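# An overview of the molecular structure
Okay, here's what each chain looks like letter by letter:
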Amino acid sequence: MPTTTVLNDIDSYRQHFDTMFVGGIPRLLNDDGAFLSFVAVVTATDALAGLFAPSKGSGERFRLFVETFFPEDHRALAADIWQLRNSLIHSFNPGPFALTQHCSRQHLQAPLGIVTLNAEDFYAALLIAARAYFDALVREPALQAAFKLRVQATDGGAPETSVVVQHPRQ
């Protein structure tokens with residue numbers, strides 16, 4: 001049984017996650033923001049993967065998180081989704097996928113030999129994975145230990161609130 005402190009820490013992290021990603025990504029699901037919605041989904045996945053397996057390298061834990069928590073039809077694509085993450089973040093490139101929005105019928109289809117990801121369906125996959133992870137986190141002591149390790153890490157595992165102040169012109 002998790003302690004009240006652990007449950008409070010999980011709840012606090014989840015509230016932050018829900019505010020930033022669960023609440024933020026839908027605002028990007030339009031013609032102007034669709035590309036950034038994919039960036040946000042892989043970033044959210046990266047954050048959860050860090051909580052899930054903080055002692056593993058970033059690629060390994062990302063792929064393992066996708067293989068464990070994403071919907072079944074996405075799991076075999078874990079390596080490609082990791083490549084997508086790297087391509088999006090480092091070169092504004094969809095990597096091994098074709099990206100679309102408002103076209104659910106194309107999600108995970110490959111009519112021209114390239115698997116298509118639809119923005120809304122990819123976001124839905126993240127929601128399923130996040131819920132599965134947080135549900136498991138509340139139940140499993142090993143996940144709680146990994147979570148605690150990550151949020152206490154000095155390299156930015158825990159959410160932080162900061163204030164940005166613009167300096168007046170001199």
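The present account deals with the structure reproduced in this document. (Residues numbered from 1 in each chain as written. Predicted model: local features only at pLDDT ≥ 70, side-chain atom pairs only at ≥ 80, totals over all residues. Heavy atoms only, no water.)

## Some remarks on unusual backbone geometry
Trans is the common state for peptide bonds, and a negative phi is the common state for residues other than glycine. The phi torsion at F92 lies on the positive side, around 50°, for a residue other than glycine. Positionally, F92 belongs in the loop between α5 (78-91) and β1 (98-100). For F92, a relative accessible area of 68% puts it in the exposed group. (Helix = DSSP H or I, 4+ residues; strand = E, 2+ residues; numbered from the N terminus. Buried < 20%, exposed > 50% of the residue type's maximum accessible area, 1.4 Å probe, protein only.)

## As for the nonpolar core
Of all hydrophobic cores here, the largest spans 45 residues; its most connected members are F17, L48, F65, F122, Y133, F134 and F147. Those elements that provide at least two residues to this core are α1 (4-22), α2 (34-52), α3 (58-69), α5, α6 (119-139) and α7 (141-151). In terms of residue count, α6 provides more of this core than any other element does, 11 residues in total. Ignoring anything within four residues of it in the chain, the contact list for F147 reads D9, I10, Y13, L51, Y133 and L137. (Core = buried A, V, L, I, M, F, W, Y, C linked by side-chain atoms within 4.5 Å. Contact = heavy atoms within 4.5 Å.)

## Considerations on the pattern of salt bridges
A full pass over the atoms with the stated rule returns three salt bridges. A salt bridge links D46 to R85; the nearest nitrogen and oxygen atoms lie 2.8 Å apart. Taken together, the positions of D46 in helix α2 and R85 in helix α5 put the pair 39 residues apart, joining distant regions of the chain. By the burial criterion, D46 is buried, and R85 matches it. A salt bridge links E72 to R75, with the nearest nitrogen and oxygen atoms 3.2 Å apart. (Salt bridge = Lys/Arg side-chain N within 4 Å of Asp/Glu carboxyl O.)

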